[in-house]
Amino acid sequence: MPSPVSQPLDSCTAVTVDHPFRVLITHDTILRRVREIGRAIQQDFPSEPPVGVVVIDGARMFVRHLQRTLVRAMEWHELRASSYGVGTTSSGTVTIGSQGDLCVAGRAVLIVEDIVDTGRTIAALRDRFLAQGAAQVRVATLLSKPSRRVVDVALDYVGFEIPDEFVIGFGMDYAGRYRELEEVVVYDEARAASSGG
Ligand code: PRP
């Protein structure tokens with residue numbers, strides 16, 4: 001398992017004066033790390049791959065790139081989980097959507113997240129799958145904020161450990177915006193308010 005990389009890795013410069021954010025992790029750095037995570041997952045599951053559960057919406061972009069690095073086909077499901085609402089801090093309540101036809105009994109499960117903050121979402125999903133008889137539950141997350149943790153959760157594949165800043169881009173949003181950004185950036189609310197953005 002690759003050890004997580006601590007931020008900052010890239011210089012924190014403003015993208016342009018018109019945008020209320022600064023780049024924390026560049027696209028190239030993300031892609032390099034995603035390839036490493038993909039290799040680690042394949043090494044850890046040499047015969048039977050796990051069933052993948054993508055926590056939407058935030059993890060969609062991460063998993064799209066992760067899937068390109070995986071040689072063996074996996075069964076994938078999307079599951080909606082939300083704890084933020086429209087603000088920039090976790091509400092503390094995890095809402096999990098319909099599981100559809102996902103059956104985890106007796107199987108290894110790989111949960112794919114964009115970010116682990118308090119750990120509540122991952123803990124809720126892990127507990128649900130274990131209660132449903134999953135053989136094991138592993139977690140791949142692009143980002144982790146260890147300083148924010150309130151629930152102890154084991155993370156098996158971590159792209160980057162980052163400080164306690166509100167990050168968006170590469171799938172992560174602010175009130176539904178900015179998910180399409182190719183970098184992970186820090187959103188500056190004060191600057192956004194002063195520039196009207
Ligand atoms: C984010 C993220 C995780 C969760 C992590 O989801 O995608 O699922 O919060 O926070 P936690 O560790 O404190 O539980 P969000 O509620 O923003 O929904 P989204 O992915 O649809 O944007």
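These notes cover the structure that comes with them.

Each value, and the rule that gives it
- Residues numbered from 1 in each chain as written.
- Predicted model: local features only at pLDDT ≥ 70, side-chain atom pairs only at ≥ 80, totals over all residues.
- Heavy atoms only, no water.
- Helix = DSSP H or I, 4+ residues; strand = E, 2+ residues; numbered from the N terminus.
- Buried < 20%, exposed > 50% of the residue type's maximum accessible area, 1.4 Å probe, protein only.
- Areas by Shrake-Rupley, 256 points an atom, 1.4 Å probe, with all protein chains shown as cover.
- Pairing = 2+ DSSP bridges.
- Axes fitted to C-alpha atoms, helices over the stretch in contact; angles between N-to-C directions.
- Parallel < 35°, antiparallel > 145°, perpendicular 65-115°, else oblique.
- Left-handed = near helix turned anticlockwise from the far one by under 90°.
- Contact = heavy atoms within 4.5 Å.
- Nonpolar A, V, L, I, M, F, W, Y, C, P; charged D, E, K, R; others polar.
- Salt bridge = Lys/Arg side-chain N within 4 Å of Asp/Glu carboxyl O.
- Near = heavy atom within 4 Å.
- Polar contact = N/O pair within 3.5 Å; in protein donor to acceptor, adjacent residues only side chain to side chain.
- Core = buried A, V, L, I, M, F, W, Y, C linked by side-chain atoms within 4.5 Å.

1. Concerning the overall build of the protein chain
Consideration 1: In terms of regular secondary structure, the protein chain is built from 4 helices and 10 strands.
Consideration 2: Taken from N to C terminus, the helices and strands of the protein chain fall in the order β-β-α-β-α-β-β-β-α-β-β-β-β-α.
Consideration 3: Out of the 197 residues belonging to the protein chain, those deemed buried represent 47%.
Consideration 4: Per element, the accessible surface of the protein chain, about 9200 Å² overall, is 48% carbon and sulfur.

2. Section: the sheet that holds strand 10 (residues 184-187)
Consideration 1: The 3 strands are arranged 2-10-9 in an open sheet whose pairing can be described as antiparallel. Unpaired on one side and paired on the other, strand 2 (21-25) and strand 9 (167-168) mark the two borders of the sheet.

3. With respect to the packing of helix 1 (residues 27-44) against helix 2 (residues 60-69)
Consideration 1: The N-to-C vectors of helix 1 and helix 2 enclose an angle of 55°; their axes lie 8 Å apart at closest approach. Relative to helix 2, the element helix 1 is oriented oblique. Of the two possible hands of crossing, helix 1 and helix 2 adopt the one that is right-handed. On helix 2, the residues touching His27, Leu31, Val34, Arg35, Ile37, Gly38, Ile41 and Gln42 of helix 1 are Phe62, His65, Leu66 and Thr69.
Consideration 2: Within the contact of helix 1 with helix 2, the residues separate by chemical class into 6 nonpolar, 5 polar and 1 charged.

4. Considering the pattern of salt bridges
Consideration 1: Overall, the coordinates contain 13 salt bridges when judged by the stated rule.
Consideration 2: Note that glutamate 165 and arginine 22 form a salt bridge whose closest N and O atoms lie 2.3 Å from each other. Highlighted residues: glutamate 165 in the loop between strand 8 (157-161) and strand 9 and arginine 22 in strand 2, separated in sequence by 143 residues.
Consideration 3: Overall, the relative accessible area of 24% leaves glutamate 165 in the partly exposed class.
Consideration 4: Residue class for arginine 22 comes out partly exposed when judged on its relative accessible area of 23%.
Consideration 5: Put simply, Asp57, Arg60, Glu78, Arg80, Asp173 and Arg179 are held in one network by salt bridges that share partners.

5. A few points about the site of the ligand
Consideration 1: Around the ligand, the surrounding shell holds 20 residues, and the nearest of these are Ser83, Glu113, Asp114, Thr118 and Thr121.
Consideration 2: Here threonine 118 contributes a side-chain N or O atom positioned 2.5 Å from an oxygen atom of the ligand.
Consideration 3: Contacts to the ligand include aspartate 173, whose side-chain N or O atom sits 3.1 Å from an oxygen atom.
Consideration 4: A total of 500 Å² of accessible area belongs to the ligand in isolation, and the protein chains cover 93% of it.
Consideration 5: At 4 residues, the largest contribution of residues to the shell around the ligand is made by strand 6 (residues 108-116).
Consideration 6: Here the residues of the shell around the ligand sort into 6 nonpolar, 7 polar and 7 charged.

6. What to know about the nonpolar core
Consideration 1: Leu142, Leu143, Val167 and Val184 are the most contacted members of the largest nonpolar core, which has 32 residues in total.
Consideration 2: Residue assignment for this core shows that the elements contributing at least two residues are strand 2, helix 1, strand 3 (51-56), helix 2, strand 6, strand 7 (136-144), strand 8 and strand 10.
Consideration 3: With 5 residues, the single largest contributor to this core is helix 1.
Consideration 4: In this structure leucine 142 touches Ile30, Val34, Phe62, Glu113, Asp114, Val158, Gly159, Phe160, Phe170 and Val184, once residues within four positions along its chain are discounted.
Consideration 5: Grouped together as the second largest cluster of nonpolar side chains are 20 residues, Val53, Val55, Val104 and Ala123 included.

7. Brief notes about unusual backbone geometry
Consideration 1: Put simply, isoleucine 56 and aspartate 57 share a cis peptide bond, and its omega is 10°.
Consideration 2: Its place among the elements puts aspartate 57 in the loop between strand 3 and helix 2.
Consideration 3: In this structure, alanine 175 takes a positive phi of about 50° despite not being glycine.
Consideration 4: Examined against the element boundaries, alanine 175 turns out to sit in the loop between strand 9 and strand 10.
Consideration 5: Positioned with a positive phi, tyrosine 178 is a non-glycine residue whose angle comes to about 80°.
Consideration 6: Note that tyrosine 178 resides in the loop between strand 9 and strand 10.
Consideration 7: Overall, the relative accessible area of 12% leaves tyrosine 178 in the buried class.

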